[in-house]
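A structural walkthrough
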Amino acid sequence: MSVPERRKPSRAPRTPMPERDPRERRDTFAEVGLGYSAEQAMGEAQRCLQCANPTCQQGCPVGIDIKSFIGAIIDGDLPRGVAVLKERNALPAVCGRVCPQEEQCEASCVLAKRGEAVAIGRLERFLGDTDVACELAHRCVPTVAPASGLRCAVVGSGPAGLACAGELAQLGHQVTILESLHAPGGVLSYGIPEFRLPKRIVEAEIETLSALGVEMRTNSVVGQLVDVPELMTEEGFDAVFIGSGAGLPMFLGIPGENFNGVYSANEFLTRVNLMRAYEFPAKADTPVWRGRKVAVVGGGNVAMDSARTALRLGAEEVFLVYRRTAEEMPARKEEVHHAAEEGIEFKMLCAPSAIVGHDGWVTGIVVTRMELGEPDASGRRSPVCVAGSEFTIECDTVIVAVGTRANPLLTRAAPGVEVTKRGYIVTGEDGATSVPGVYAGGDIVTGSATVIKAMGAGKKAAAAMDCWLRETKTAQ
Amino acid sequence: MFRIVHKRQLSDTVYEMGVEAPRIARKARAGQFLMVRADASGERIPLTFSDWSAEEGWVRFIFMRVGKTTHQLAHMEVGDSLADVVGPLGVPTHVEGVGRVAIVGGGVGAAVAYPVARAMAEAGAEVTVILGARTADLLVLEEQLRALPLKELIVVTDDGTAGRKGLVTHPLKELCEAGAIDAAFAVGPAIMMKFCAATTKEFGVPTTVSLNPIMVDGTGMCGACRVSIDGVTKFGCVEGPDFDGHAVDWEELMSRQRVYTEDERDADAEFTRSCKCRH
């Protein structure tokens, strides 16, 4: 059979993402990136060289067949493109928005070597959105293998849990997800703001999972309501996947951190995203303190999300306080760029040393100027205090976005599961824990990482669980 | 959905509600709490449960009508359903080997005092309960407490409309002076717990308090409920709600509880305006 002939790859520059105007953005939680039109997607897809050896795919933690889905766009066959994507990724509309493509698939694109990579992420989003825009009955639902008669419990409905559940369901197992909050999605629901990832997208992708037969049990705190041995004995699950994330917020450990107006990024974002505090009191009952001058401490995506959220809640000034330079900031370049465009003021090389307040409320954050010293063991130049350089940034709100750690609730409820000194679960390459039949993946294993890495871990564990289940359970 | 199977108005502003929640009822222990959301746009609020039945599959909680959510709950009737009930949350109260104990329950704090008294009595403790309120109408669970095998039930009201006139700290102090107790447990408004702890401290009587900081998720994720215990930050929801009353930074707790007072008032005023109900 001959390969259908295609046009030569276009030499056009990378197609920019249509975006909402930065001035308009400050006042709305509506999404910033507007998505490619069909013409734009086609134009961008045609830049793809359709390499014989597509290196981009090696950069994808879930191994999406990138070449084929872009090929389908070139051919104008969107349903095929969606099907190819969904073979490996249950949440393409989500990943198309929040994956750090520039470090993954796009970094390995051949075009990146001599110019600009194909906008793989934006094309993924385009196809994901095409699918999500359809009624559920017309969406692409992957085929499900014949029922195995085996039951799996998945703890946590964040990216790791959803990916694992989707995979296990496709393999023919009966899957139940246990989620502690009232809404599924984990960090996708409580952490990532509407302007970056609309809730309707998360809901639609989870709906597709339900179409695979996955049962969702919300309001179920594993570790309090039920523990892992009970799931396996009393509730009759044959295997358990733990994807509970690392949700416990870290604080700075400096004086004044419990003043009113000092939030963890988790609390601030949960109030606004999950509980929709920006609609308080008209349409939602959860309030949030709306600061006029807000200092956000941190340099990751969560810090950017917090700063931009504070701005949208009506802050006049938002400072981002980070102890290294923009160069070392872990946030995605695109998000930093968006934040700067919207007017976030970056206070680089500043380390907080105290929070000051009056009458119980925060009035400022004291920071010390830093300079970069010698590279440490990790190769990063570590910041060193400049003596006598302390100054105070006046503010009425401080949001601490310096990371999270493992929540002990769940690991306490999984006796025998080996954990590290810091409470993270120890697993093999395949996600297997020290207890047979119990697997884990995502942030509870690796510490804070990305959505797609957690999904990769969930998928890998699902494959290993499937093998284990078929070897040990079907023989009985 | 969590169907309401029991509702009783205990006073002008205090209600008891029971919901169908068989899984939670199986796991409930004295001193733990629930997070409740009335409807799809509702706030998550922590409420302590006062009773449960594993056999019949229900849990009960007591609330005072103060803000929008509790106002809305007060309007719901048997047969209606709450959107979400999560629990049991928090570490159960330590009830084994407490010896002679005074349990102080102030206002709706009796919701916690009752199951804690029951559990301690079952565990063999000699239990004296001091039940207090501003006025007779606000005393709750007195009958249920009387049915427990207590050494004594002391009722106290600020205005003398029931029991002794005065504050709960008066009988507590007398018990300490008489050397009649080995430990104390206090639950109620922060200011009451603060003074209970101050009272027992003089006598070196170890005192546990059940704190009620603001929470959002109740599972350790948000850090809203942080409290300073001996200068160390703890999360009320997963490390509490019980803490050593002598080590709590009460001023900080009370300040943090007031963050949303104005917002709550606004939301409740809006709710009262827009709803055409009888309250």
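Please refer to the structure placed before this passage.
Residues numbered from 1 in each chain as written. Chains lettered and ligands numbered in written order. Predicted model: local features only at pLDDT ≥ 70, side-chain atom pairs only at ≥ 80, totals over all residues. Heavy atoms only, no water.

Observations concerning the overall build of chain B
Rule in force here: Every helix listed is a DSSP run of H or I at least four residues long, and every strand listed is a run of E at least two residues long, numbered separately from the N terminus. All radius of gyration figures rest on C-alpha atoms, and the globule criterion is 2.2 Å times the number of residues raised to 0.38. It only takes one pair of heavy atoms within 4.5 Å for two residues to be counted as in contact. Methods summary: accessible areas were calculated by the Shrake-Rupley approach with a probe of 1.4 Å, and residue burial reflects only the protein chains presented.
Per the secondary structure count, chain B includes 9 helices and 16 strands. Taken over C-alpha atoms, the radius of gyration comes to 18 Å for chain B, in line with the 19 Å a tight globule of 279 residues would show. The principal-axis extent of the C-alpha atoms belonging to chain B is close to 55 × 40 × 40 Å. Residue pairs in contact within chain B that sit at least 24 positions apart in sequence constitute 66% of those at least 6 positions apart. Looking at chain B as shown, the accessible area adds up to about 11,100 Å², and 49% of this sits on carbon and sulfur atoms.

Considering empty space enclosed by the protein
Defined as follows: A cavity here means a set of points on a 1 Å grid, drawn over the protein atoms and nothing else, where a 1.4 Å probe fits but cannot get out; a pocket is an open set with protein on both sides within 12 Å along at least five of seven lines, and a residue lines either one if it has an atom within 4 Å of a point. Grid points are joined across faces, edges and corners, and a volume is the space filled by probe spheres set on the points. Under the convention adopted here, Pro, Cys and the residues Ala, Val, Leu, Ile, Met, Phe, Trp and Tyr are nonpolar, Asp, Glu, Lys and Arg are charged, and Gly plus all remaining residues are polar.
With the rule as written, the count across this model stands at 7 cavities of 30 Å³ or more. Considering only enclosed or pocket space, the largest cavity measures out at about 150 Å³ in volume. The wall of the largest cavity is formed by 16 residues, among which Glu267(A), Ala224(B), Arg256(B), Val259(B) and Tyr260(B) lie closest to the centre. Contributions of two or more residues to the lining of the largest cavity are made by β6 (262–264) and α11 (265–274) of chain A together with α8 (250–257) of chain B. The element that contributes the greatest number of residues to the lining of the largest cavity is α8(B), accounting for 3 residues. Looking at side-chain class alone, the lining of the largest cavity contains 10 nonpolar, 3 polar and 3 charged residues. Its volume calculated, the second largest cavity comes out at about 130 Å³. Lining the second largest cavity we find 14 residues, and of these Cys48(A), Leu49(A), Cys51(A), Cys56(A) and Cys109(A) sit closest to its centre.

Focus on the packing of helix α3 (residues 66–74) of chain A against helix α6 (residues 120–132) of chain A
All names here are of chain A. Heads up, the rule is: Lines fitted to the C-alpha atoms define the axes, with helices restricted to the stretch that makes contact. Angles between their N-to-C directions range from 0 to 180 degrees. Each crossing is labelled by how the near helix is turned from the far one, with a counterclockwise turn of less than a right angle marking it left-handed and a clockwise turn marking it right-handed.
Closest axis-to-axis distance for the α3/α6 pair is 11 Å, and the angle between their directions is 65°. Pair α3 / α6 crosses with left-handed handedness. Contact residues: Ile66, Phe69, Ile70 and Ile73 in α3; Ile120, Leu123, Glu124, Phe126 and Leu127 in α6. Of the residues contributing to the contact of α3 with α6, the split by class is 8 nonpolar, no polar and 1 charged.

Comments concerning unusual backbone geometry
What is expected of a backbone is that most residues other than glycine have negative phi and most peptide bonds are trans. All names here are of chain B. With an omega dihedral of -5°, the bond running from Gly87 to Pro88 counts as a cis peptide bond. Along the chain, Pro88 falls in strand β7 (residues 84–89). In this structure, Pro241 follows Gly240 across a cis peptide bond, with omega equal to 10°. Tracing the backbone shows Pro241 in the loop between α7 (236–239) and β16 (242–244). Despite not being glycine, Leu141 shows a phi value in the positive range, around 65°.

With respect to the packing of helix α4 (residues 78–88) of chain A against α6(A)
All names here are of chain A. Which entries qualify depends on this criterion: Any angle from 65 to 115 degrees is called roughly perpendicular, while one under 35 is roughly parallel, one over 145 is roughly antiparallel, and all others are oblique.
Orientation of α4 relative to α6, taken along the N-to-C sense of each, is 105°, at an axis distance of 9 Å. On the basis of the axis angle, α4 is roughly perpendicular to α6. Contacts from Leu78, Gly81, Val82, Leu85 and Lys86 in α4 reach Glu124, Phe126, Leu127, Gly128, Thr130 and Asp131 in α6. Grouping the constituent residues of the contact of α4 with α6 by class yields 5 nonpolar, 3 polar and 3 charged.

So, the packing of aromatic side chains
For clarity, the cut-off: A pair of aromatic rings is counted whenever rings of Phe, Tyr or Trp (Trp by its six-membered ring) have centres within 6.5 Å, and the orientation is called stacked for planes under 30 degrees apart, edge-to-face for over 60 and tilted otherwise. The classification of residues rests on relative accessible area computed with a 1.4 Å probe and restricted to protein chains. Under 20% of the type maximum is buried, over 50% is exposed, and intermediate values are partly exposed. Over a ring means this: the NZ of a Lys or the CZ of an Arg is within 6 Å of the ring centre and within 35 degrees of the ring normal.
In total, this model carries 8 aromatic pairs over all chains according to the counting rule given. Residues Trp289(A) and Trp361(A) carry aromatic rings whose centres are separated by 4.8 Å and whose planes lie at 55° to one another, so their mutual orientation is tilted. Here Trp361(A) lies in strand β11 (residues 361–375) and Trp289(A) lies in the loop between α11 and β7 (293–297), a separation of 72 residues in the sequence. Its relative accessible area of 27% is what places Trp289(A) among the partly exposed residues. With a relative accessible area of 25%, Trp361(A) lands in the partly exposed category. Here the aromatic cluster, defined as three or more aromatic residues joined through ring pairs, consists of Phe29(A), Phe195(A) and Tyr278(A). Across from the ring centre of Phe237(A), 4.1 Å away, lies the NZ or CZ of Arg151(A), which sits over that ring. If you follow Arg118(B) out to its NZ or CZ, it ends over the ring of Trp52(B), 5.2 Å from the centre.

Notes on the interface of chain B and chain A
Applicable threshold: Two parts lose some accessible area (1.4 Å probe) when they are put together, and adding that loss for both gives the buried area. Each salt bridge in this description consists of a side-chain nitrogen of Lys or Arg and a carboxyl oxygen of Asp or Glu lying within 4 Å of one another.
The partner chain A presents 44 residues to the 42 residues of chain B that form the contact. Both sides together, the interface formed by chain B and chain A hides about 3,500 Å², and carbon and sulfur atoms give 52% of it. At the boundary of chain B and chain A, one finds 3 salt bridges. In this structure, Lys68(B) engages Asp285(A) in a salt bridge whose closest nitrogen and oxygen atoms are separated by 2.8 Å.

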